[in-house]
Amino acid sequence: MSELKTGTFSVSDLENVQINIGSIVGAIEKTAAEEGEVGPTIKPNISGLRDWDYKLFERYNPVYTPMCDQCCYCTFGTCDLTGNKEGACGINMEGHNAREFMLRVITGASAHSGHGRHLLHHLIDKYGADYPLKVGQTNIIAPNVQMVTGKKPETLGDLEDSLSYVEEQLVQLLACVHMGQEGEAIDFESKAMHGGMLDHVGMEVSDIAQISCLEMPKADEEPPLSEIGMGTIDSEKPVLLVIGHNVAGVTDIIDYMEDNDLTENMELCGLCCTALDMTRYRTEGGDVPKAKVVGTLAKELKMIRSGVPDVIVVDEQCVRADVLREARELMMPVITTNDKIMYGLPDRSEDDVEDIIDDLKSGRDDGALILDFEKLGEVAPRLTKEMSKIRKEKGVVSLPTEEEFNELTSRCVHCLACELECPTNLPISDAMTAAEEGDLRPFEILHDKCVACGRCEQACPKDIPVLNVIEKASQKVIREERGKVRVGRGQISDPEIREEGVNLVMGTTPGIIAMVGCSNYPDGTKDLYRIADEMLRRNYIVLMSGCSAMDLGMYQNDDGETLYEKYPAKFQKGNLINVGSCVSNSHITAAAIKVAAIFAQRNITGNYEEIADYVLNRVGAVGVAWGAYSQKASSIGTGCNRLGIPVILGPHGSKYRRALIGKPYEEDKWKVLDARNGKTMDIPAAPEFLLTTAETIDEMMPMLAKNCIRPSDNNMGRMIKLTHYIELSEKYLGIIPDDWYRFVRSETDLPLARREELLKKLEQEHGWEIDWNKKKIISGPTSKLDVSAQPTNVERLCKEA
Amino acid sequence: MADVSKNLKVYTTYGPKSAKGTKPAIVAKMIEKAKRPLFVVGSDVLEEKLLACAQTIAKKGIPVAATGHSIKGFIDEEGVDAKYINIHSLGTFLCDPKWDGLDDNGCYDLIILLGHKKYYINQVLSGLKNFSDLKTINIGRHYTQNATMSFGNTTPEVHLEALDELIDNL
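The structure presented is a predicted model; accordingly, all values stated were derived computationally and were not measured.

Novice: Tell me what's going on with the overall build of chain A, and back it up with residues and numbers.
Specialist: Regarding its fold elements, chain A presents 29 helices and 25 strands. Taken over the C-alpha trace, chain A has a radius of gyration of 27 Å; the compact-globule value for 801 residues is 28 Å, and the two agree within 12%. Dimensions of chain A, computed from C-alpha atoms along their principal axes, come out at roughly 90 × 85 × 60 Å. Taken across its 801 residues, chain A has 63% of its residues classed as buried. For chain A, the share of sequence-separated contacts (at least 6 apart) that also reach a separation of at least 24 residues comes to 75%. Summed over all atoms, the accessible surface of chain A reaches about 29000 Å², with 46% contributed by carbon and sulfur. Taking the average location of the 88 positive side-chain charges in chain A and that of its 128 negative ones, the two points are 4 Å from each other.

Here is the structure:
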């Protein structure tokens, strides 16, 4: 009997019968084995990588900062867990917070994977399951998928199996949240790590599917630039605003607009990652982006309140819950296009286009649910044209007039209720006083810092629409909000990894700084510019994605240049890359995986632990989620953590309730094995954490440099990294760091220009012995320099294990 | 006398246990009674008038943990024993009885905080409240419910007045 294989065959004796075989039990493992080495964890279940997680937790302690001291999960409670007390079910504060954190992680992973499933259904429906995956110059199409599931997908249909695995595991993880399941914090932590890992698989599936089908840039080393900012939108034209993360339906809008010569006569713009993906659509080969980016979630309410959009289309994720209510006030019909957000609107998917447009333009309905994208493609632009005329005729305005503005600022009684309610306690009261005196500058500063949550308005006893006041006062700066963002390029190509891998592992490229996540910055968008510019000037590779990628493009230097215009976009030291939208974050972990695969020739198939161990000990990368607020940010970060990549959050990130922080004073925790012989090696405390927060940008700068240090650095690499650590600490904190000497293994690790000065410090302040004739260290260092050492945390990888 | 103990308004609660409102004179007494107090200052302390108060408190002989980039305000100050540390790390180490402190002389028994973003320090204090027995007092401008004791919400002017009063009582 011949062996069954995936594919299609027809039974000739039967007419019109075709049997498709999608997957065969054990086939992945068999194929992978035939093709080469296979690791021990193909499609790991919840406990599959528990040993690895435990190794990480032994050094990086889960640290809890609860957001709530009670548990109200079941009707045993509400239980007070203050002081790590146990609740009625026996769970204590640590366990409950670990569970809460895990719940955030799997919520985020579900959002990305749900997005992926929706896209995959849509794209398979449109292009067919056999449509080939094309992501650029690479032999590893899907590094995360291959490492976790053992599968090397080649077609859209191949992705279904990986996504099914993710979905099954997420259900198992969610089941653990139920009362009376897991009881120990450490195993909730391991489960959170599992959820984070799954997230990167789900994101990768989503992005490579859309890159392949939607003619997005494919590992392009110089993708085009797109316009960004509220000031780029021509409000004289009809304006169609799209909000969300899933570009599937928007592509039909773009196609319809092009087919009907509407592109020049209308503005199509977007908020959040849908906007980024709109600019990627059909720009493969450098074509001009077909839409503009307004900005991040922090601009949602501001853009709606500006009154500029004529129609709003929403899809999924990071869309404000009050879009319909806000839009209704301003006669902006809202079209929902995804069953994750429907706002109670009538389903018009089966209705006639003319009827839908009539009902919306007449105001009979505030909006419509349209799940048929072809219909959406026609309704949205046509309705926008109609509404533009109607809204102009009716003189719809939103922001206060000059007179109203003066009345509103003088109405303020300075009770400070708004400031207490403001998540960042912004000085609104002082800005009101200044405005009364004719000085609008304090409000203009608030405009950049304010994330437009609107809580101030809910708190105001005088019913002042505070956000409208801020926006009215900031019209001048809003008009000047015109930047450039690099269109997302997708994966890092194999040739780029081949060229740069050695520099990263040896440390001569000091590190990768990956700036990801949302826009809840404590001090406005300039912070991102400062981080990126500082690290790029120091030859770090800076990777951007999602909202951070957008906001970076909003800030210009004195020459009117954004950093995207200032720095090239290859995967090379001193280059600035935008990988793309939220789901493109998988390309950041993928780059680390590919360094192990291509530079070090490690097998990645079903081999998670070995690759994570490699990344932790050899790839100097640090993630920054400076404005993270979503659950997705927690799952992205946790996926990085399991793979050995540390992440720093902004101060708001403390509200995720859990960090992973090492204790440098516990010397027994800072050891690795040398894979050549299994002997123990001392290492300095870096990365010092897997997840933590920084209070300010200035504090974070030296943290970035320090936590790119890895045991594998050669002396040139360590010297470069230590130079940056010391210099950044001196520049931003005004001090030489207390622990700088711990990273010195020999005199060759010392910054060249300061070698003598630092040798003196080692002798005088730390008691090290120095041979001053040869300017060599005789004794003192706790860790030894051995460029051939093979640092590992996994005993089975040692030759004599 | 600056009455900073009254306005304890919060916009969301954490749970049944909230900081007791306190006054400068009481804080001064607690500092004097403490065997190993630690003055934790955040980056918001770098505002000129606030920094002067913080430096004066530090010069009363209380060791300083300078978080964020606040160390810049203490580098050249004579009579100040200040060290940089990340606040999230500090919160972690303070819960560990094995930690020897910033000066290797053992852990602390009273933490006084000034100059942090309210939402941030409240989270750090949430960890200390739930996983340590440490007494914590926030003498910042906003009521911080996860401390053991806290000044209430005040205006900048009243806050500076309260800090002056605290200094006078030390």
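Still to come is the rest of the account.
Novice: Would you mind going over the interface of chain A and chain B in detail, with residue names and values included?
Specialist: With 49 residues of chain A at the interface, the matching set in chain B holds 44 residues. Between chain A and chain B, roughly 3800 Å² of surface is buried when both sides are summed, and carbon and sulfur atoms account for 58% of that area. When the area that chain A buries against chain B is broken down by residue, the three leading residues are A:L420, A:Y665 and A:E695, summing to 19%. Here chain A and chain B share three salt bridges between them. Taking the shortest distance from any N to any O, the salt bridge between B:K129 and A:D69 comes out at 2.6 Å. Our enumeration of links across chain A and chain B arrives at 21 residue pairs in polar contact (both at pLDDT 80 or more). Sorting the residues of the side of chain A that touches chain B by element identifies β3 (60-64), α3 (93-127), α14 (417-421), β19 (658-662), β22 (689-693), α27 (697-706) and α28 (715-732) of chain A as the ones contributing at least two each. The class makeup of the residues in the side of chain A that touches chain B is 21 nonpolar, 14 polar and 14 charged.

Novice: Let's hear about the environment of A:E402: which residues, and what values?
Specialist: All names here are of chain A. One can find E402 in helix α13 (residues 402-411). We classify E402 as exposed; its relative accessible area is 54%. Along the chain, E402 and T296 lie 106 residues apart, while their C-alpha atoms are 28 Å from each other.

Novice: Can you break down the pattern of salt bridges residue by residue, with the values?
Specialist: All names here are of chain A. With the rule as written, the count across this model stands at 69 salt bridges over all chains. With a shortest N-O distance of 2.7 Å, E326 and R305 are connected by a salt bridge. Residue E326 is found in helix α10 (residues 323-329), and its partner R305 is found in helix α9 (residues 300-305); the two are separated by 21 residues along the sequence. The two residues E326 and R305 agree in class, both being buried. Between K706 and E688 there is a salt bridge whose closest N-O contact spans 2.9 Å. Of this pair, K706 sits in helix α27 while E688 sits in the loop between β21 (679-682) and β22, and the two are 18 residues apart along the sequence.

Novice: Run through the nonpolar core, naming residues and quoting values.
Specialist: All names here are of chain A. L156, L268, I335, F571, Y608 and L643 are the most contacted members of the largest nonpolar core, which totals 135 residues. Among residues more than four places away in sequence, those in contact with I335 are V311, I312, V313, V314, A368, I370, L376, V379, A380 and L383. Core analysis: the second largest hydrophobic core is formed by 59 residues, C272, L528, M544 and F743 among them.

Novice: A description of the sheet that holds β22(A) should follow, citing residues and the corresponding values.
Specialist: Residue and element names in this part refer to chain A. Taken in spatial order, the eight strands of this open sheet run β3-β19-β22-β18-β17-β14-β15-β16, and their pairing is mixed. Edge positions in the sheet fall to β3 and β16 (576-580), since each of these pairs with one other strand and no more. When the angles between neighbouring strand axes are averaged without regard to direction, this sheet yields 25 degrees. Relative to strand β17 (residues 621-625), strand β14 (residues 512-515) runs parallel, the two being bridged by four bridges. Along β17, the bridge assignment pairs I512 with A621.

Novice: Which residues make up the sheet that holds strand β20 (residues 671-674) of chain A, and what are the values?
Specialist: Residues and elements named next belong to chain A. Strand order across the open sheet formed by three strands is β21-β20-β25, with antiparallel pairing between neighbours. Single-partner strands in this sheet number two, and they are β21 and β25 (791-792). Across four bridges, the pairing between β20 and β21 is antiparallel. Bridge pairing in β21 links K671 to D682.

Novice: I'd like to hear about the environment of A:V622, residue by residue, with values.
Specialist: Residues and elements named next belong to chain A. Looking at where V622 falls in the secondary structure, it is placed in strand β17. Its relative accessible area of 1% is what places V622 among the buried residues. Residues V622 and F405, spaced 217 residues apart in sequence, show a C-alpha to C-alpha distance of 45 Å. In contact with V622, other than residues within four places in its own chain, are I512, I513, A514, I645, P646, I648, L704, N707 and C708.

Novice: Talk me through the side chain of B:N86; I want residue IDs and the actual numbers.
Specialist: Here B:N86 is to be found in the loop between β4 (82-84) and α3 (87-94). Polar side-chain contacts of B:N86 include one of 2.8 Å to the backbone nitrogen of B:H88. In this view, B:N86 contacts A:T692, A:T693, A:A694, A:E699 and A:M703; residues no more than four positions away in its chain are not counted.

Novice: Go over the side chain of A:S712, please, and point to the residues and values.
Specialist: All names here are of chain A. Its place among the elements puts S712 in the loop between α27 and α28. Judged by its relative accessible area of 12%, S712 is buried. Reaching out from S712, the side chain makes a polar contact with the backbone oxygen of V505 at a distance of 3.0 Å.

Novice: Could you give an account of the pairing of β3(A), naming the residues involved and the relevant values?
Specialist: Look at any regular strand and the pattern is simple: side chains alternate between the two faces of the sheet. Residues and elements named next belong to chain A. For β3, a buried count of four out of five residues is recorded, marking the element as mostly surrounded by other parts of the structure. Where β3 and β19 come together, five bridges link them in antiparallel fashion. Looking at the pairing, Y60 lines up with G662 of β19.

Novice: How would you sum up the packing of aromatic side chains? Please name residues and give values.
Specialist: The full count for this structure, using the stated rule, is nine aromatic pairs over all chains. Geometrically, the ring pair formed by A:Y741 and A:W768 is edge-to-face, given 6.3 Å between the ring centres and 80 degrees between the ring planes. You can see A:Y741 sitting in the loop between α28 and α29 (755-766) and its partner A:W768 sitting in the loop between α29 and β23 (769-771), a full 27 residues away along the chain. The exposure class of A:W768 is buried, given its relative accessible area of 7%. An aromatic cluster of three or more residues is present, and its members are A:Y665, B:F93, B:W99 and B:Y108. In this structure, A:R642 is placed above the aromatic ring of A:Y608, and the distance from its NZ or CZ to the ring centre is 5.9 Å. It is A:R658 that lies over the ring of A:F101; its NZ or CZ is 3.9 Å from the centre.

Novice: Any chance you could break down α28(A) for me, citing the residues and the numbers?
Specialist: One full turn of an α-helix is made of 3.6 residues, so residues set three or four places apart face in the same direction. Residue and element names in this part refer to chain A. For α28, spanning 18 residues, the distance from its first C-alpha to its last is 25 Å, which sits close to the expected 26 Å at 1.5 Å a residue. Buried within α28 are the following residues: G717, R718, M719, K721, L722, T723, H724, Y725, I726, L728, S729 and Y732. Buried residues along α28 sit against α20 (494-506), α21 (526-537), α27 and α29. Looking at where α28 begins, the residue whose side-chain oxygen comes 3.2 Å from the main-chain nitrogen of M716 is N714. One or two steps after α28, the chain reaches G734, where phi turns positive at roughly 80 degrees.

Novice: I'd like a description of the packing of α21(A) against α27(A), backed by residues and values.
Specialist: All names here are of chain A. Relative to each other, α21 and α27 sit at 30 degrees, their axes nearing to 11 Å. Taken together, α21 and α27 sit at an angle that is classed as roughly parallel. The chirality of how α21 crosses α27 is right-handed. Where α21 abuts α27, its residues D527, R530, I531, E534 and M535 lie against I697, D698, M700, M701, L704 and A705. Class assignment for the residues of the contact of α21 with α27 results in seven nonpolar, no polar and four charged.

Novice: Can you break down the pairing of strand β7 (residues 239-243) of chain A residue by residue, with the values?
Specialist: Residue and element names in this part refer to chain A. By the criterion of burial, β7 is predominantly enclosed, with five of the five residues buried. Covered by surrounding structure in β7 are V239, L241 and I243 together with L240 and V242, the residues of both alternating faces. Handedness of the β7-helix α7 (residues 248-259)-strand β8 (residues 267-271) crossover: right-handed. Examined bridge by bridge, β7 and strand β10 (residues 311-314) share four bridges and lie parallel to one another.

Novice: Could you give me a rundown of α20(A), with the residues and numbers involved?
Specialist: All names here are of chain A. Between its first and last C-alpha atoms α20 spans 19 Å; for 13 residues at 1.5 Å apiece the expected length is 18 Å, and the two agree. For α20, the full list of buried residues reads D494, E496, I497, E500, G501, N503, L504 and V505. Of the residues trailing α20, G507 is marked for its positive phi of about 95 degrees.

Reading the values: rules and limits
- The residue numbering used here restarts from 1 in each chain and proceeds along that chain's sequence as written.
- Each chain gets a letter, beginning with A, and each ligand a number, beginning with 1, in the order they are written.
- Two thresholds apply to this predicted model, a pLDDT of at least 70 for residue-level local features and 80 or more for giving and counting side-chain atom pairs, whereas whole-chain, interface and lining totals are computed over all residues.
- Side-chain numbers come from the whole structure's heavy atoms, not from hydrogens or water.
- Each helix is a run of DSSP H or I of at least 4 residues and each strand a run of E of at least 2, with the numbering of both proceeding from the N terminus.
- A radius of gyration in this sense is built from C-alpha atoms; the matching globule rule multiplies 2.2 Å by the number of residues raised to 0.38.
- Three labels apply to residues, based on accessible area from a 1.4 Å probe with only protein chains included: buried if under 20% of the type maximum, exposed if over 50%, partly exposed otherwise in between.
- Contacts are assigned to residue pairs that have any heavy atoms within 4.5 Å of one another.
- Calculation of accessible area relied on Shrake-Rupley with a 1.4 Å probe; when residues are assessed, cover is drawn exclusively from the protein chains displayed.
- Under this rule, positive means Lys or Arg and negative means Asp or Glu; His and the chain ends count for nothing.
- Taken as the charge centre is NZ of Lys, CZ of Arg, CG of Asp or CD of Glu, depending on the residue.
- Summed over both partners, buried area is the accessible surface (1.4 Å probe) that two parts give up on being assembled.
- Salt bridges are defined as contacts in which a side-chain nitrogen from Lys or Arg sits within 4 Å of a carboxyl oxygen from Asp or Glu.
- Polar contacts here mean pairs of N or O atoms no more than 3.5 Å apart (in protein, one a potential hydrogen donor and the other a potential acceptor; neighbouring residues in sequence count only if both atoms are side-chain atoms).
- Lys, Arg, Asp and Glu make up the charged group, whereas Ala, Val, Leu, Ile, Met, Phe, Trp, Tyr, Cys and Pro make up the nonpolar group; the residues left over, Gly among them, are polar.
- Among buried residues, those of type Ala, Val, Leu, Ile, Met, Phe, Trp, Tyr and Cys that are joined through side-chain atoms within 4.5 Å constitute a nonpolar core.
- Pairing between strands requires that DSSP locate at least two bridges from one strand to the other.
- Angular values range over 0 to 180 degrees, each being the angle between N-to-C directions of two axes fitted as lines to C-alpha atoms, with helices fitted over their stretch in contact.
- Pairing of aromatic rings covers Phe, Tyr and Trp, the last counted by its six-membered ring, and requires centre-to-centre distances within 6.5 Å; plane angles under 30 degrees mean stacked, over 60 mean edge-to-face, and any other angle means tilted.
- Comment: the charge-over-ring label is applied if NZ (Lys) or CZ (Arg) is within 6 Å of the ring centre and within 35 degrees of the ring normal.
- A helix's residues, less one, multiplied by 1.5 Å, set its expected span.
- Angle categories: roughly parallel below 35 degrees, roughly antiparallel above 145, roughly perpendicular from 65 to 115, and oblique for all the rest.
- Two helices that cross are described as forming a left-handed crossing if the nearer one is turned anticlockwise from the farther one by less than a right angle, and a right-handed crossing if clockwise.
- Consider the strands pointing away from the viewer: the crossover is right-handed when the path from the first strand over the helix to the second runs clockwise.

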